[in-house]
Amino acid sequence: MADNTRRPEPRYGNRPTMKDVAARAGVGLKTVSRVVNGEPGVTPDTERRVQESIDALGFRRNDSARVLRKGRTASIGLVLEDLADPFYGPLNRAVEEVARAHGALLINGSSAEDPDREQELVLALCARRVDGLIVIPAGHDHRYLEPEIKAGVATVFVDRPAGRIDADAVLSDSFGGARSGVAHLIAHGHRRIGFIGDQPRIHTASERLRGYRTAMADAGLAIHDDWVSLGTTAPKRVQDAVVAMLAGPEPVTAIFTGNNRVTVTVVRVLAAHDRPVALVGFDDIELADLLDPGVTVIAQDAATLGRTAAERLFHRLDGAADAPSQVVLPTRLIARGSGEIPPPAEG
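Everything quoted here is computed from the prediction, not taken from an experiment.

Enquirer: Describe the overall build of the protein, naming the residues involved and giving the relevant values.
Expert: Counting its regular elements, the protein contains 12 helices and 12 strands. For the protein, whose C-alpha radius of gyration is 27 Å, the value lies well above the compact-globule estimate of 20 Å for 347 residues. Along the longest, intermediate and shortest principal axes, the C-alpha atoms of the protein span 95 × 60 × 40 Å. Counting over 347 residues, the protein shows a buried share of 45%.

Structure below.
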C-alpha cells in the first residue's frame with residue numbers, strides 16, 4: 001500500500017534563488033539581477049515588486065559569481081594562537097574594525113600553538129579565496145605559504161615573525177620589555193630573580209628570556225640554572241616551578257613571568273606563600289589593579305598590534321609593492337605594587 005504520509009519540507013539547504021524571486025515578481029532574471037546589483041534600467045514600480053519578493057522570500061545574493069568576475073572576495077583570514085586567551089580579544093577586535101572599514105569580512109580560527117594545525121587552517125582559508133591573511137605563527141617554517149603569496153594572497157605576521165620567508169611583521173618589543181621589567185626588580189634591590197616563561201620554541205618566549213638574561217648581565221648578576229623555567233603554561237607546571245624557586249637555602253626574592261597565563265598561576269601560588277615575593281609579569285591581566293598588592297606588568301598594546309597589522313595588510317591589498325618590513329611596537333611598565341616589594345633583609 002502506498003505511503004501517503006506527507007513528509008515535512010526540509011528546513012535547511014533550500015535557499016531561494018533569483019529564479020524564485022523572478023517568478024514571484026513576474027519579471028525576468030535579468031531584471032532581478034539589475035535590482036540586486038543596483039544597476040539602472042528598471043522602473044520604480046518593477047524595482048518595488050522585485051524588492052518585495054526579495055524581502056518575502058529572504059533572498060540573499062550569492063557572491064560567488066562576483067568573486068570570479070572581480071578576483072576579490074572582500075574577506076581576510078586571521079589565525080590566532082587561542083581565541084580564549086584574553087590577550088587576543090582586543091587584537092581580534094582591532095583587525096575586525098579595520099576590515100569593516102574596508103568593506104571586508106573577517107574569518108578567524110585558532111592554531112592552538114600547533115604548527116600543523118596552523119598550516120591546515122591557513123591553507124583552508126586560502127582555499128576559500130580570502131584576499132589576505134594575518135597570522136600569529138605557531139611554527140618556524142612558513143615556506144608552505146610561498147605559492148599563496150606569489151598567487152596574490154597578502155600576508156602579515158603579528159606578535160611573532162615568519163619563519164624562513166620574507167614577510168611583513170608587526171611585533172611588540174618582547175626583548176626590551178622583559179629587560180626593563182627585570183631591571184625594575186633589580187632597581188628595587190633584588191639580586192635573586194627567577195624567570196618562568198612559555199615554551200622556548202616560541203619567538204616571544206625566547207626574546208623575553210633574552211631580555212631577562214641581558215638585564216641580569218647588565219647588573220653583573222649571575223643566574224642559577226634553577227632560576228629559569230620554560231615550558232607549557234599549564235598551571236601545575238608553573239606551580240611546580242614557583243615552589244622549586246622558593247625552596248632551598250637561597251630562594252629567589254622576585255619572579256618575572258613571561259606571559260599573562262603564567263602570571264595568573266604565579267599570583268595564586270604567591271598568595272599562599274608565607275613571605276612576600278616581588279612579581280613583574282609580561283602582559284597585563286584582568287583585575288591586576290584590584291589585587292593586593294596590584295600586579296606590576298609590562299603591558300603591550302594588543303589593539304595597536306592588530307590595527308597596525310590590518311592596516312599593513314590592506315596597504316598591500318591596495319597595491320603596495322615595497323619590500324617586506326618589520327614594525328616593533330614599544331611596551332609600557334605599569335607599577336602597581338607587586339614589582340616594588342623589597343627583598344627581605346639579610347640576617
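Enquirer: Pulling in residues and values, what's your account of the packing of aromatic side chains?
Expert: Counting across every chain of the model gives 3 aromatic pairs. Between Phe-195 and Tyr-212, the ring centres sit 5.3 Å apart and the planes meet at 35°, which makes this aromatic pair tilted. Taken together, the positions of Phe-195 in strand 6 (residues 193-197) and Tyr-212 in helix 9 (residues 203-218) put the pair 17 residues apart, joining distant regions of the chain. Classification of Tyr-212 by relative accessible area gives buried; the value is 0%. When the centroid spacing of 6.1 Å and the interplanar angle of 15° are considered together, the rings of Phe-195 and Phe-256 count as stacked. Of this pair, Phe-195 sits in strand 6 while Phe-256 sits in strand 8 (residues 254-257), and the two are 61 residues apart along the sequence.

Enquirer: How would you summarise the pattern of salt bridges if you had to cite specific residues and measurements?
Expert: The final tally for this structure, using the stated rule, is 19 salt bridges. The shortest N-O distance in the salt bridge between Arg-48 and Asp-45 comes to 2.6 Å. On the criterion of helical spacing, the pair formed by Arg-48 and Asp-45 is a turn pair, its members being 3 residues apart in helix 3 (residues 44-57). Residue classification places Asp-45 among the partly exposed positions, given a relative accessible area of 39%. Across the pair Arg-160 and Asp-159 runs a salt bridge, and its minimum N-O distance is 3.6 Å.

Enquirer: Give a detailed account of the domain arrangement of the protein, specifying residues and quantitative values.
Expert: Under the domain assignment used here, the protein contains domain 1 (74-172 + 303-329) and domain 2 (174-301). Here the C-alpha centroids of domain 1 and domain 2 sit 29 Å apart. Across the boundary between the two partners, domain 1 contributes 15 residues, which contact 10 residues of domain 2. The contact between domain 1 and domain 2 buries some 1200 Å² in all, and 40% of this surface belongs to carbon and sulfur atoms. Applying the counting rule to domain 1 against domain 2 returns 2 salt bridges. Inspection of the region where domain 1 meets domain 2 yields 11 residue pairs in polar contact (both at pLDDT 80 or more). Sorting elements by how many residues they give to the side of domain 1 that touches domain 2 places helix 12 (residues 302-317) first, with 3 residues. Of the residues that constitute the side of domain 1 that touches domain 2, the class distribution is 6 nonpolar, 3 polar and 6 charged.

About the criteria used
- Residues numbered from 1 in each chain as written.
- Predicted model: local features only at pLDDT ≥ 70, side-chain atom pairs only at ≥ 80, totals over all residues.
- Heavy atoms only, no water.
- Helix = DSSP H or I, 4+ residues; strand = E, 2+ residues; numbered from the N terminus.
- Rg over C-alpha atoms; globule rule 2.2 N^0.38 Å.
- Buried < 20%, exposed > 50% of the residue type's maximum accessible area, 1.4 Å probe, protein only.
- Phe/Tyr/Trp six-rings, centres within 6.5 Å; stacked < 30°, edge-to-face > 60°.
- Salt bridge = Lys/Arg side-chain N within 4 Å of Asp/Glu carboxyl O.
- Domains from an automatic or database assignment.
- Contact = heavy atoms within 4.5 Å.
- Buried area = accessible area lost by both parts, 1.4 Å probe.
- Polar contact = N/O pair within 3.5 Å; in protein donor to acceptor, adjacent residues only side chain to side chain.
- Nonpolar A, V, L, I, M, F, W, Y, C, P; charged D, E, K, R; others polar.

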